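Each chain, letter by letter, is given below.
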Amino acid sequence: MAEKHVLGISGGKDSAALAVFVRQTYPELDVDYFFTDTGKELPEVYEFLGMLEGYLGKPILRLNPKRGFDFWLREYNNFLPSAQTRWCTRKLKLAPFEQWIRPMLAAGDTVTSYVAIRADEEYREGYISKHDNLIVKLPFREAGIDKRGVMDILDSSGVGLPKYYDWRSRSGCTFCFFQQKIEWVRLKDRHPDAFDEAKLYEKNALEHGSPFTWTEGEPLGELEKPERVKQITEDYERRKQRELSKRPINPLRPVIEDRIEDIDDLYGMDEGGGACNICHK
Ligand code: SF4
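Described below are features of the structure shown in this document. (Residues numbered from 1 in each chain as written. Predicted model: local features only at pLDDT ≥ 70, side-chain atom pairs only at ≥ 80, totals over all residues. Heavy atoms only, no water.)

What follows deals with the overall build of the protein chain. What the protein chain contains, in helices and strands, is 11 helices and 5 strands. Going through the 281 residues of the protein chain one by one, you find that 51% of them count as buried. (Helix = DSSP H or I, 4+ residues; strand = E, 2+ residues; numbered from the N terminus. Buried < 20%, exposed > 50% of the residue type's maximum accessible area, 1.4 Å probe, protein only.)

The structure is reproduced here in structure tokens:
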């Protein structure tokens, strides 16, 4: 019977910072880092994983390499995942993790899973353990590390931020339905092939009777029309300015307007709200 330590990397800033923090704070622990690969990740995610592996000095295990998004899409009759029918998180994120640790638990090992919930996220819960030997730890919460603390960890370690933060506020699948409309606009701009692929998935889903489009109530073919893109961009800018004008000015930490990390709560409670810890941390 062994003691195992595992830490899930999502491709986002919080879990990357947690990996750095755990490595720095508990260098004696032999942590297995893992990434559940949906097969529909942005290229920037793989680039960031490579960077992080360089810092950690060990590979990040890729779980789920065979049964990716396309496999499960077929199983679900080509219905797109949505907030109402969120098969993607269950099948692509949770199930591979549970399958991976099952033999460890069956062998009587104790598995400690480190989860990147920050001290400023009182409202979030981590993965609820269903097994006595699976222990979930929240080191950021215990150490009082908030969003700014996460940024400091990534800056000072040299790992930095994934490049997609230049245009997108969250990690997760390329086509995630939690994406803001402005992020779909930017996906088209940055990765036009991926946007076209998303349109094909959507068309196929609608032809199979799916009631869901990627972004609620608006197929991507409508969203990409120039007048709609203009409207979405202007709406976003207005909301951003409104949000920034409400922030107190701290001379020690000036807001850098174009950095998504300073504004990624903008849409927190409407579009993009409800995104989960498993995918987006
Ligand atoms: S990132 Fe989005 S689409 Fe991907 S598994 Fe998570 S909720 Fe589903």
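If you check which residues of helix 6 (residues 147-157) are buried, you get Lys147, Gly149, Val150, Met151, Ile153, Leu154 and Ser157. Of the surrounding secondary structure, the elements contacted by the buried residues of helix 6 are helix 1 (13-25), helix 2 (43-56) and helix 5 (139-143). Measuring from the backbone nitrogen of arginine 148 back to the side-chain oxygen at the start of helix 6 gives 3.3 Å, which picks out aspartate 146 as the cap. (Contact = heavy atoms within 4.5 Å. Polar contact = N/O pair within 3.5 Å; in protein donor to acceptor, adjacent residues only side chain to side chain.)

A few words now on the side chain of asparagine 78. Secondary-structure assignment places asparagine 78 in the loop between helix 3 (69-75) and helix 4 (87-106). Taking the relative accessible area as the measure of exposure, asparagine 78 reaches 14% and is therefore buried. A distance of 3.3 Å separates polar atoms of two side chains, one belonging to asparagine 78 and the other to histidine 208. When neighbours within four sequence positions are excluded, asparagine 78 is seen to be in contact with Leu73, Asn204, Ala205 and His208.

Moving on to the pattern of salt bridges. A pair can form between side chains of opposite charge whenever their charged atoms are brought close. In this structure the tally under the stated criterion is 20 salt bridges. The salt bridge partner of arginine 238 is aspartate 235, with a shortest N-O separation of 2.7 Å. Of this pair, arginine 238 and aspartate 235 both sit in helix 10 (residues 226-246), 3 residues apart, which is roughly one turn of the helix. Classification of aspartate 235 as partly exposed rests on a relative accessible area of 31%. With its nearest N and O atoms 3.9 Å apart, the salt bridge here joins lysine 240 to glutamate 237. (Salt bridge = Lys/Arg side-chain N within 4 Å of Asp/Glu carboxyl O.)

Turning to the nonpolar core, a few remarks are in order. Judged by nonpolar contacts, the single largest core of 55 residues is most densely connected at Leu7, Phe140, Trp184 and Trp214. When residues of this core are assigned to domains, at least three map to each of domain 1 (3-166) and domain 2 (181-280). Apart from residues lying up to four places away in sequence, leucine 7 is in contact with Ser15, Leu18, Ala19, Val22, Val31, Asp32, Tyr33, Phe34 and Tyr114. The next biggest cluster of nonpolar side chains, apart from the first, holds 10 residues, and it includes Val6, Leu63, Phe97 and Val111. (Core = buried A, V, L, I, M, F, W, Y, C linked by side-chain atoms within 4.5 Å. Domains from an automatic or database assignment.)

Remember, this is a structural readout, not a statement about activity or role.
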